[in-house]
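# Residue-level structure breakdown
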Amino acid sequence: MIHSYGRASLRAARNIVLISMVLAAMPRGVGSVEAAETLTVREVMEQKEQWDTWIREKIVLTISGRYEGRVAKQFRLENLPVLMTPARTTVLPPGVAAKQRVTVSGVLRQAGSRHYMDVSRIAIGATDMTRLTAMVAKVDDRDPRKLYELADEYAAIAEFYDDDELRAQILQLRREVFAQERRQLRQDPAGLLKLADRGAAMGFPETAMDAIRFESMVARYRSSTADQQLLLRDMRQSLTGWDRPNAFPTPDAEQMFLKNMVSEYEAADVASRQRMHRRFYRLVRLADILRGLKPDGSNGQAIAATLTRELPEETVEIDRVKTLYADHRLERVPQMTRKQLEDVELLLSNTGRSEEFQKTLEEWLQAQEARLNNNQLDGQLLMADEYLFAWERWKQPEHAEAAASLLKRAWMKAEKAAPKEAAEIGQRLERLGWTRLHDRWLTLSEVASLPRNDVELAMREGRVVAGMNRAQIIGTLGEPSRRIRVVSAQNVQEIWVFGEVGSTAITVHLQRKRFQSPEQSVATLVSKTAP
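Residues numbered from 1 in each chain as written. Predicted model: local features only at pLDDT ≥ 70, side-chain atom pairs only at ≥ 80, totals over all residues. Heavy atoms only, no water.

## Considering the overall build of the protein
Stated formally: Only DSSP runs of H or I with at least four residues qualify as helices, and only runs of E with at least two residues qualify as strands; both kinds are numbered from the N terminus onward. With the radius of gyration taken over C-alpha atoms, the globule rule is written as 2.2 Å times the number of residues to the power 0.38. When accessible area is computed with a 1.4 Å probe and restricted to protein chains, residues below 20% of their type maximum are described as buried, those above 50% as exposed, and intermediate ones as partly exposed. Should any heavy atoms of two residues lie within 4.5 Å, those residues are counted as being in contact. For the accessible areas, the method is Shrake-Rupley and the probe is 1.4 Å, while residue cover comes only from the protein chains on display.
A tally of helices and strands in the protein yields 22 helices and 12 strands. Taken over the C-alpha trace, the protein has a radius of gyration of 56 Å; the compact-globule value for 531 residues is 24 Å, which it surpasses by more than 25%. Looking at the protein as a whole, 41% of its 531 residues are labelled buried. The contacts of the protein with a sequence gap of at least 6 include a subset with a gap of at least 24, amounting to 54%. Accessible surface computed for the protein: about 29,600 Å², of which carbon and sulfur atoms make up 52%.

Have a look at this one:
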């Protein structure tokens, strides 16, 4: 039977009454010497070479051993090849059980090859298991050292008698003392590590000692004075699987571990422990990383990157940090550069807040309008550039319209004061799809709706149409290669031919009144002749 040494059983054991008699030395007399101290059977066997001396000198011995059984009035002690022969006045009480401790006092003698002991006194005690229980009850349970000494003392007895039952009781004692010592050290990380090493030396299972080492790390994590960087280093060195994402089978299992890390770890198998190593490392490293997060979230992007790289499972915290950083950036929209604005768009997209960007873009443009547009030429051009940037990047028509409106106003200012700059502005407007005709800016669709014989439209397109004057024709096609003049009473007609012989030729008929100057000639007919 394996006895338990819990607090209740320890108290109960104190009520056990042991029969223990210390035999006084027999008086010195003829043929006798003073009795020695009580010897165990094991000690008697270890000194077997002294038996002849003890017999010759009739040394009175006191021997304590286990009762094995009787033969008539004689009896034996376990592992002792001596037949005990009580004197006539000395009686072995009836009902003595096997393994019960018996202490005898007497003198050895030898008859042939056999040894006998003439017993003058007998004392009956409890079994070794009962004695051990009683002795444990007398020891202060806050003093594990004495309990371990008792276990060692009785372990030698168990080995001598090859007593599996006593071995089991000693093992249970050691386990309970060890568990008690562990409870006393639960907030002492260094003490727990030493306990694990001692347990390994005592032969306790390595998986159990690993659980104590894990408990030591948990105690360090919970300590307000522990060096977290040193803890992380030790975790990386000793917790297999700390660096490999390894999800729990269910959320409930994960929550149970976080609530009772030590007890859940102790009950887990090797594969589950590796999963727990990773989860515990995440817990410690997450707190370590987040300690570096600034209150305003200004370094949130870097923190989120570190979390993503090292702890990708921490999606909730990664999103939270990104959101904090995005909020920090959104508070500074008016001061952003174009590149920062683009970065914010990506940031909002990555945090699932893309719908907020339109408002952010308009806020940024309004801030640039207030900062740049002073209603002067330079301010209008600078602000037009910002709207053009927004148009080219996000293709919203209203931004192109705002840029064109600013450029047209700037062109009006520069038309007379800075013609060269006005020409450059005009080119920019044309790239945006605007054309200056009839003293106003027209869109491509408006230009397309003009009649084909519109003089200004034809000149812009390099064509000659009826109604053009002499200067307009020359400005469009250059000087003609041939001229034919016909004069009548009222009119002067000219035929201009453009093109070399053998090539496509354009023929323009011009007419004016005789009293009008040549510059007043107007084209009446335009034709094209194939070669």
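## Here's the deal with the pattern of salt bridges
Spelled out, the test is: Each reported salt bridge corresponds to a side-chain nitrogen of Lys or Arg within 4 Å of a carboxyl oxygen of Asp or Glu.
All chains considered together, the criterion is met by 42 salt bridges. A salt bridge links Arg198 to Glu181, with the shortest nitrogen-to-oxygen separation between them at 2.3 Å. Of this pair, Arg198 sits in helix α7 (residues 189–201) while Glu181 sits in helix α6 (residues 164–184), and the two are 17 residues apart along the sequence. Glu215 is the partner of Arg182 in a salt bridge, and the nearest nitrogen-oxygen pair spans 2.6 Å. Of this pair, Arg182 sits in helix α6 while Glu215 sits in helix α8 (residues 206–222), placing them 33 residues apart in sequence. Residues Arg182 and Glu215 agree in their burial class; the two are buried. Taken together, the shared-partner salt bridges connect Arg66, Lys99, Arg101, Asp128, Arg131 and Asp163 into one network.

## As for the packing of aromatic side chains
To be explicit about the condition: Aromatic rings from Phe, Tyr and Trp, with only the six-membered ring used for Trp, were paired whenever their centres fell within 6.5 Å, and each pair was classed as stacked if the ring planes differed by under 30 degrees, edge-to-face if by over 60, and tilted otherwise. By the criterion adopted, a ring carries a charge over it if an Arg CZ or a Lys NZ lies within 6 Å of its centre and within 35 degrees of its normal.
A complete count under the given rule lists 14 aromatic pairs for this structure. Cluster of aromatic residues (ring-pair linked, three or more members): Phe214, Tyr221, Phe248, Phe257, Tyr265 and Phe280. Its end group placed over the ring of Trp242, Arg236 keeps NZ or CZ at 5.8 Å from the ring centre. Its guanidinium or amino end placed over the ring of Trp391, Lys395 lies 5.1 Å from that ring's centre, counting from NZ or CZ.

## Comments concerning the side chain of Asn299
For Asn299, the position within the fold is in the loop between α12 (270–290) and α13 (300–310). Owing to a relative accessible area of 19%, Asn299 belongs among the buried residues under this scheme. In this structure, Asn299 is in contact with Gly292, Leu293 and Lys294, ignoring residues within four places of it in sequence.

## Here's the deal with helix α17 (residues 377–394)
Definition in use: Every helix has an expected span of 1.5 Å times one less than the residues it contains.
Its 18 residues give α17 an end-to-end C-alpha distance of 26 Å, which sits within 8% of 26 Å, the value for a rise of 1.5 Å per residue. For α17, the full list of buried residues reads Gly379, Gln380, Leu381, Met383, Ala384, Glu386, Tyr387, Leu388, Phe389, Ala390 and Trp394. Where α17 ends, the next residue or the one after it, Lys395, has phi of about 55°, a positive value.

## Thoughts on the pairing of strand β5 (residues 100–111)
Stated precisely, the cut-off is as follows: Pairing between strands requires that DSSP locate at least two bridges from one strand to the other.
Where strand β2 (residues 60–71) and β5 come together, 7 bridges link them in antiparallel fashion. Residue Ile63 lies in a different strand from β5, and its bridge partner there is Val104. The pairing of β5 with strand β6 (residues 114–127) spans 11 bridges and is antiparallel. Looking across to β6, one finds that Gly106 is bridged to Val119.

## Quick notes on the packing of α12 against α13
Here is the rule: Axis definition: a line fit to C-alpha positions, over the contact stretch in the case of helices; interaxial angles, taken between N-to-C directions, run 0 to 180 degrees. Each angle is binned into one of four classes, with values under 35 degrees roughly parallel, values over 145 roughly antiparallel, values of 65 to 115 roughly perpendicular, and all other values oblique. Left-handed describes a crossing in which the near helix is turned anticlockwise from the far one by less than a right angle; the clockwise case is right-handed.
At a closest axis distance of 11 Å, the pairing of α12 and α13 adopts a crossing angle of 165°. When the interaxial angle is binned, α12 and α13 end up roughly antiparallel. The interaxial crossing formed by α12 with α13 has right-handed handedness. Contacts from Arg278, Tyr281, Arg285, Leu286, Ile289 and Leu290 in α12 reach Ile303, Thr306, Leu307 and Glu310 in α13.

Coordinates in, geometry out; function isn't part of it.
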